[in-house]
Amino acid sequence: MQYRPEIDGLRAVAVLPVILFHAGFSVFTGGYVGVDVFFVISGYLITSLLIAELDQGNFTIVRFYERRARRILPALFVVMFACLPFAFMWMLPSQLEDFSASVVTVILSLSNIFFLSQVDYFAPSAELQPLLHTWSLAIEEQYYFLFPLLLLALHRFQRRVAVIVVIFLILLSFIFSEWAWREDAERSFFFTLSRFWEIGAGTICAFMTIGRAQRSSNLLSTIGLALIMCAVFAYNDSTPFPSFYTLVPVVGTMLVILFAAQDTWVARLLSLRGFVGIGLISYSAYLWHQPLFAFARLRSLTEPSNALMATLAVASLLLAWATWHWVEQSFRKRSNPLFVTRRSVFVA
């Protein structure tokens, strides 16, 4: 794949509202939609890579899972280990018990199922869960546990067959999410089938772009970015989610991916060094911010001040840079001598 700096910039647009929303800054009432932007980006990038490897005849399931492990697990485990001493010191026994259970479910990529039965995402109690944000990682891993196998099975047919099947599954997931939030909105927020269609939207973007020149439209890419920002500032905890309303950030992200060629205003904006830099460390920033905020709230008798939360938000970016530089890059580039081979990764 050709590197697209505007996609890294779009990651920054996704992660910053999430951090500021969890920090409690009221202007970012819909900052949680950044996760939905991440879902679409992930579906686009990974499906593009899968299709390319399948077309070249060098795709293997084992290599795919090794790549996912190198990308996701090292930074995740570093953050989890960093949480342990503070959880032991500052949590009540009942809180520590819940935290321990969440650690186990994170390792198994089932934390969304755990939090589905434990908390309301928008309730004050959710702010005390250091690993609450890992629900989105679990949904992604569940999707990528199934999707490569589906794509491999469909590859023997014409590509339009795969597209039709994926669109059908996306529609089923979307219809389910519309039904589910009416039945039980709190559980639907975390539920796997309510979210698959968002990653699937990125998959459709991959099918639309693979092997084709990048489309360019100032109008459509600007509308896409505007839709994302509209959701960030206009949505709140009373907005049904995921639902029909989720189409706003999802379609916005699709428009940016599909039409933000390098000559467009949006691509030039998102390709600025600041946006790209935050985008590069966005995964680690996403991992660090929630534990910092949760432990600050656990340690304080009252809601921490905006100044403290802003400081912790900046700290999450600094920790993210360090984790990206010394952990993420080390494992992805195989420069860590302990985990050079594929076997060592799976053993670990």
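See the structure printed just above.
Residues numbered from 1 in each chain as written. Predicted model: local features only at pLDDT ≥ 70, side-chain atom pairs only at ≥ 80, totals over all residues. Heavy atoms only, no water.

## Side note on the overall build of the protein chain
Stage number 1. Of regular secondary structure, the protein chain possesses 15 helices and zero strands.
Stage number 2. Relative to the compact-globule value of 20 Å for 348 residues, the protein chain shows a C-alpha radius of gyration of 20 Å, a close match.
Stage number 3. Across its three principal directions, the C-alpha atoms of the protein chain cover 60 × 45 × 45 Å.
Stage number 4. Across the 348 residues that make up the protein chain, the buried fraction comes to 53%.
Stage number 5. Taking all contacts inside the protein chain whose residues are at least 6 apart in sequence as the whole, residues at least 24 apart take part in 79%.
Stage number 6. Split by element, the accessible area of the protein chain, about 16,000 Å² in all, is 68% carbon and sulfur. (Helix = DSSP H or I, 4+ residues; strand = E, 2+ residues; numbered from the N terminus. Rg over C-alpha atoms; globule rule 2.2 N^0.38 Å. Buried < 20%, exposed > 50% of the residue type's maximum accessible area, 1.4 Å probe, protein only. Contact = heavy atoms within 4.5 Å. Areas by Shrake-Rupley, 256 points an atom, 1.4 Å probe, with all protein chains shown as cover.)

## Structural notes on the state of the cysteines
Stage number 1. Within the structure shown, the criterion is met by zero disulfides.
Stage number 2. Cys 205 supplies the cysteine sulfur nearest to Cys 230, a cysteine that is in no disulfide, at a spacing of 19 Å.
Stage number 3. What makes Cys 230 partly exposed here is its relative accessible area of 44%. (Disulfide = S-S within 2.5 Å.)

## Examining empty space enclosed by the protein
Stage number 1. Counting across every chain of the model gives two cavities of 30 Å³ or more.
Stage number 2. Approximately 80 Å³ is the volume found for the largest cavity.
Stage number 3. Elements with a contribution of two residues or more to the lining of the largest cavity: helix 3 (61-90), helix 4 (93-107) and helix 6 (135-154).
Stage number 4. Class assignment for the residues of the lining of the largest cavity results in eight nonpolar, four polar and one charged.
Stage number 5. Here the second largest cavity is characterised by a volume of approximately 30 Å³. (1 Å grid on protein atoms, 1.4 Å probe; cavity = no way out; pocket = protein on both sides within 12 Å on 5 of 7 lines; lining within 4 Å. Points joined across faces, edges and corners; volume = space filled by probe spheres on them. Nonpolar A, V, L, I, M, F, W, Y, C, P; charged D, E, K, R; others polar.)

## So, the environment of Leu 108
Stage number 1. Mapped onto the fold, Leu 108 is located in the loop between helix 4 and helix 5 (111-116).
Stage number 2. The exposure class of Leu 108 is exposed, given its relative accessible area of 54%.
Stage number 3. A sequence separation of 223 residues divides Leu 108 from Phe 331, and the C-alpha atoms of the two residues are 20 Å apart.

## Here's the deal with the pattern of salt bridges
Stage number 1. Evaluated as defined, the whole model comprises 16 salt bridges.
Stage number 2. Each member of the salt-bridge network shares a partner with another, and the members are Asp 36, Arg 195 and Glu 198. (Salt bridge = Lys/Arg side-chain N within 4 Å of Asp/Glu carboxyl O.)

## A look at the side chain of Ser 188
Stage number 1. Residue position: Ser 188 is located in helix 7 (residues 159-190).
Stage number 2. A polar contact of 3.1 Å, which involves the side chain of Ser 188, links it to the side chain of Ser 194.
Stage number 3. Leave out the neighbours within four places in its chain, and Ser 188 touches Ser 177, Ala 180, Trp 181, Ser 194 and Pro 242. (Polar contact = N/O pair within 3.5 Å; in protein donor to acceptor, adjacent residues only side chain to side chain.)

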